[in-house]
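# Structural features, examined
Here is what each chain is made of, one letter per residue.
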Amino acid sequence: MMIHSLTPPPSDAEVDRWLAVLTATAATDLPDLPPPARVETAGRLCVAPVRGRPFLWTADDGAGVAGLLLFSEEANRHTAFLDVLAVRPDARRRGVGTALWERVRRELLADGRTSVATMVDLGGPGQAFAEAVGFENVLPMAWYVQDVPEPRTVEVPATPGYTLMTWHGLTPDDRVRALAVAHGAMADAPTGDLDQRNDSWGAERLHAVQRLALDRGGELTTVAAVTDAGEVAAYTVVVLPDPGGPRAVQYDTVVVPGHRGHGLGRAVKQHMLREAAERYPGLRTIATTVADENIPMRTVNEALGYRHERDTALFQYKVQGPPAR
């Protein structure tokens, strides 16, 4: 089994072959979800991430693909994230996944990384493979999904003392520093036994992450609850990886500790739901992940009509010894 490195940016043909693997895998493993979109796949392959160095590999005849991110931020130079390791269903149980994983391991060892994490759906072939090669579940989570209703039916709770503001695309320069400060409240989000550490975010980094979503062909909307003094007390972010697709992903939802207990988490999410419904008539669902132990956010989501879709988890592998043979 030959494993080939893919040099970014890949050609259109290489993007199509990569997408074919993801599409076949999703059709078998997640048949109820929308298929992977080409615009999202091409964006992730062609536009470099801001947090580190990407490595891409393909197996012979397009049987499988793997993508690894080696973090470059100082707090996480010891670890990495396995963004994808997928094998076409008709090519499984032939050593393709093992060969790809061995190549990933060699890169981790060569760069001195001590761990790598990945997100795995529970109960399927991904979990079985991850556990077989030594990954452990360090943060149980679940995907939750919410239907997008007619805009006029969405009621947004009142927020006395706060103004709800919306930004499409990059956060305005006069608000980005306040939003970066609010992002720091993510430090108390559950991380289980994950080796990855929270790093400080400034205005420049926040803009870089937002710009990445846009450069990859997606669209991004932020809703924030802002005080009279200009402080961001709470915010939420929704990304459409494929602006023409039926599914969006809710990213960060943050309520700054000093402003908790005022219903701001629910307010920004409801306002976001109405904004998304008005702006994207083809949008059907908004999905998000929540750690099992994050009871406050799960409670807010349930009140807003999110329903459990499937169980997932962050799995982690401790890198040690020579690559498997």
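The sections below set out a description of the structure shown in this document.

Rules and cut-offs
- Residues numbered from 1 in each chain as written.
- Predicted model: local features only at pLDDT ≥ 70, side-chain atom pairs only at ≥ 80, totals over all residues.
- Heavy atoms only, no water.
- Helix = DSSP H or I, 4+ residues; strand = E, 2+ residues; numbered from the N terminus.
- Rg over C-alpha atoms; globule rule 2.2 N^0.38 Å.
- Buried < 20%, exposed > 50% of the residue type's maximum accessible area, 1.4 Å probe, protein only.
- Contact = heavy atoms within 4.5 Å.
- Areas by Shrake-Rupley, 256 points an atom, 1.4 Å probe, with all protein chains shown as cover.
- Lys, Arg positive; Asp, Glu negative; His and termini not counted.
- Charge placed at Lys NZ, Arg CZ, Asp CG, Glu CD.
- Salt bridge = Lys/Arg side-chain N within 4 Å of Asp/Glu carboxyl O.
- Axes fitted to C-alpha atoms, helices over the stretch in contact; angles between N-to-C directions.
- Parallel < 35°, antiparallel > 145°, perpendicular 65-115°, else oblique.
- Left-handed = near helix turned anticlockwise from the far one by under 90°.
- Nonpolar A, V, L, I, M, F, W, Y, C, P; charged D, E, K, R; others polar.
- Pairing = 2+ DSSP bridges.

Helix and strand counts for the chain stand at 8 helices and 12 strands. Computed over the C-alpha atoms, the radius of gyration of the chain is 20 Å, within 12% of the 20 Å expected from 2.2 N^0.38 for a compact globule of 325 residues. The dimensions of the chain, computed from C-alpha atoms along their principal axes, are 65 × 40 × 35 Å. By the burial criterion, 48% of the 325 residues in the chain qualify as buried. Of the contacts made within the chain by residues no fewer than 6 positions apart, 74% connect residues no fewer than 24 positions apart. For the chain, the exposed surface amounts to about 15,400 Å²; the carbon and sulfur share of it is 51%. Between the centroid of the 33 positive side chains of the chain and the centroid of its 41 negative side chains there is a distance of 3 Å.

The next point concerns the pattern of salt bridges. One pass over the structure, following the stated rule, counts 18 salt bridges. For the salt bridge of glutamate 73 with arginine 51, the shortest nitrogen-to-oxygen distance reads 2.4 Å. You can see glutamate 73 sitting in the loop between strand E3 (64-71) and strand E4 (80-87) and its partner arginine 51 sitting in the loop between helix H2 (38-46) and strand E2 (52-59), a full 22 residues away along the chain. Judged by relative accessible area, which is 24%, arginine 51 ranks as partly exposed. Two residues, arginine 77 and glutamate 74, come together in a salt bridge whose shortest N-O distance is 3.1 Å. Residues participating in the shared-partner salt-bridge network are Asp121, Arg247, Glu309 and Arg310.

Okay, the packing of helix H1 (residues 12-29) against H2 next. The contact between H1 and H2 brings their axes to 10 Å, and the two run at 120 degrees. Classed by the angle they form, the pair H1 and H2 counts as oblique. Both H1 and H2 take part in a crossing whose hand is right-handed. Here H1 contributes Asp12, Val15, Asp16, Trp18, Leu19 and Leu22 to the contact with H2, which in turn contributes Arg38, Thr41, Ala42, Leu45 and Cys46. The class makeup of the residues in the contact of H1 with H2 is 7 nonpolar, 1 polar and 3 charged.

A word on the environment of glutamate 107. Tracing the backbone through its elements, the reader meets glutamate 107 in helix H3 (residues 96-110). We classify glutamate 107 as buried; its relative accessible area is 14%. Sequence separation between glutamate 107 and valine 21 is 86 residues; the distance between their C-alpha atoms is 22 Å. When neighbours within four sequence positions are excluded, glutamate 107 is seen to be in contact with Phe55, Trp57 and Leu68.

On to the pairing of strand E9 (residues 232-240). Judged by how many residues are buried, E9 sits mostly within the fold: 9 of 9 residues are covered. Here 8 bridges tie strand E8 (residues 219-227) to E9, and the two strands are oriented antiparallel to one another. Counterpart to alanine 225 in the pairing with E9 is alanine 234. What sits between the antiparallel neighbours E8 and E9 is a turn of 4 residues, in which glycine 230 has the positive phi angle 95 degrees. As paired strands, E9 and strand E10 (residues 247-255) are joined by 5 bridges and run antiparallel to one another. Residue pairing across strands places valine 239 opposite valine 249, the latter belonging to E10.

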